[in-house]
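Overview (structure and organization)
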Amino acid sequence: MLDNETLALAKKVNDRLILASHMMVTAESCTGGLIAGAITSVSGSSAMLYGGFVTYSNRAKTAMIDVPQALIEQHGAVSEPVARAMAEGALRRAGVDLAISVTGVAGPGGGSDQKPIGLVHFGLATPDETLLRQERFGDLGRDMIRLETVRVALEMILEAYAP
């Protein structure tokens, strides 16, 4: 599923975090571990990847990375507050330098007027700040939405570690 462009981004992420002597963790919902999978496709990634939390269900978000159930009930799993809580919770749980989180609607079902298919929220947490981003990829099909989500997540990491 991963194309050459995505693998090249993953290599850059690996190189930059290793150069910075930083470790990262993923908190993934709609991608189901694909971000960690892209990163681990690069040899030597164990020097910069702690691991990943695949928190596909709301229960997993709460149990694994301490996303408050009340937050999910108030805003829905696909929301900026939940993306923030996922990134910050993963960062705390793993005790690393950076966490990236994604939560979205990959389709083909599950979309609504407020949260259409292709809507993805991203969070990138460090000990100093949390950056948030929202993308509306549109109904590109499940696989393409997930792949685009991986790309954007990797690009966010690269932006945070710009030389």
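The numbers attached to residues start from 1 for each chain and follow its sequence in the written order. Only residues with pLDDT of 70 or above have their local features reported here, since the model is predicted, and side-chain atom pairs are shown and tallied only from 80 upward, although totals for entire chains, interfaces and linings are computed over all residues. Values shown for side chains rest on all heavy atoms present in the structure; no hydrogens or waters enter the calculation.

Throughout this description, the term salt bridge denotes a Lys or Arg side-chain nitrogen within 4 Å of a carboxyl oxygen of Asp or Glu. One pass over the structure, following the stated rule, counts eight salt bridges. For Glu-148, the salt bridge goes to Arg-151, with nearest N and O atoms at 2.5 Å. Taken together, the residues Glu-148 and Arg-151, both in helix H6 (residues 142–160) and three residues apart, mark about one turn of the helix. Under the relative-accessibility criterion, Arg-151 is labelled buried at 9%. Secondary structure elements are defined from DSSP: runs of H or I of at least 4 residues count as helices, runs of E of at least 2 residues count as strands, and each element is numbered from the N terminus. Throughout, exposure labels follow a simple rule: accessible area from a 1.4 Å probe, protein chains only, divided by the maximum for the residue type, with under 20% read as buried, over 50% as exposed, and the rest as partly exposed.

Further remarks concern the sheet that holds strand E1 (residues 24–28). Note: strands within a sheet are paired through backbone hydrogen bonds, in either parallel or antiparallel orientation. At least two bridges found by DSSP between two strands is the condition for calling them paired. Taken in spatial order, the five strands make up an open sheet running E2-E1-E3-E4-E5, and their pairing is mixed. The sheet terminates laterally at strand E2 (49–54) and strand E5 (130–136), the two strands that pair on one side only. The mean angle between the axes of side-by-side strands here comes to 15 degrees, regardless of whether they run parallel or antiparallel. Examined bridge by bridge, strand E3 (residues 98–104) and strand E4 (residues 119–125) share six bridges and lie antiparallel to one another. Each axis is a line fitted through C-alpha atoms, taken for helices only over the stretch in contact, and angles between the N-to-C directions span 0 to 180 degrees.

Here we take up the pairing of E3. Taking burial as the measure, the seven residues of E3 include seven buried ones, the bulk of the element. In E3, alternate side chains face the same way, and those of Leu-98, Ile-100, Val-102 and Gly-104 on one face and Ala-99, Ser-101 and Thr-103 on the other are all buried. For E1 and E3, the ladder comprises five bridges, and the chain directions are parallel. Residue Thr-26 lies in a different strand from E3, and its bridge partner there is Ile-100.

Put simply, helix H3 (residues 58–65) and helix H5 (residues 80–94) touch, their axes get as near as 9 Å, and they point 35 degrees apart. Crossing hand, H3 versus H5: left-handed. Across the interface between the two elements, Lys-61, Ala-63, Met-64 and Ile-65 of H3 pack against Val-82, Ala-85, Met-86, Gly-89, Ala-90 and Arg-93 of H5. Residues are grouped as follows: Ala, Val, Leu, Ile, Met, Phe, Trp, Tyr, Cys and Pro are nonpolar; Asp, Glu, Lys and Arg are charged; every other residue, Gly included, is polar. Each residue belonging to the contact of H3 with H5 can be placed in one class, and the counts come to seven nonpolar, one polar and two charged. Should the near helix be turned anticlockwise from the far one by less than a right angle, the crossing is left-handed, and should it be turned clockwise, the crossing is right-handed. When checking whether two residues touch, look at their non-hydrogen atoms; a contact exists if any pair is within 4.5 Å.

What follows deals with unusual backbone geometry. With an omega of 5 degrees, the peptide bond between Gly-107 and Pro-108 qualifies as cis. Mapped onto the secondary structure, Pro-108 falls in the loop between E3 and E4. With a phi close to 55 degrees, Ser-21 is a non-glycine residue in the positive phi region. Looking at the element boundaries, Ser-21 is found in the loop between helix H1 (4–19) and E1. Despite not being glycine, Asp-66 shows a phi value in the positive range, around 65 degrees. Note on placement: Asp-66 falls in the loop between H3 and helix H4 (69–75).

Moving on to the packing of H1 against H6. Contact geometry for H1 and H6: axes closest at 9 Å, N-to-C directions at 30 degrees. Classified by the angle their axes make, H1 and H6 are roughly parallel. Between H1 and H6 lies a crossing of left-handed hand. Each of Glu-5, Thr-6, Leu-9, Ala-10, Lys-12, Val-13, Arg-16 and Leu-17 in H1 lies in contact with H6, whose residues at this interface are Leu-147, Val-150, Arg-151, Leu-154, Glu-155, Ile-157 and Leu-158. Grouping the amino acids of the contact of H1 with H6 by side-chain chemistry returns nine nonpolar, one polar and five charged. For this classification, under 35 degrees means roughly parallel, over 145 means roughly antiparallel, 65 to 115 means roughly perpendicular, and everything else is oblique.

With that out of the way, let us pick up the environment of Ser-101. Secondary-structure assignment places Ser-101 in strand E3. Counting along the chain gives 84 residues from Ser-101 to Leu-17, while the straight-line C-alpha distance between them is 17 Å. Those residues within four positions of Ser-101 in sequence are excluded, and the remaining contacts are Ala-27, Ala-83, Met-86, Ala-87, His-121, Phe-122 and Gly-123. At a separation of 2.7 Å, a polar atom in the side chain of Ser-101 contacts the main-chain carbonyl oxygen of Ala-83. N or O atoms closer than or at 3.5 Å make up a polar contact, with two conditions inside protein: a donor-capable atom paired with an acceptor-capable one, and, for residues adjacent in sequence, both atoms drawn from side chains.

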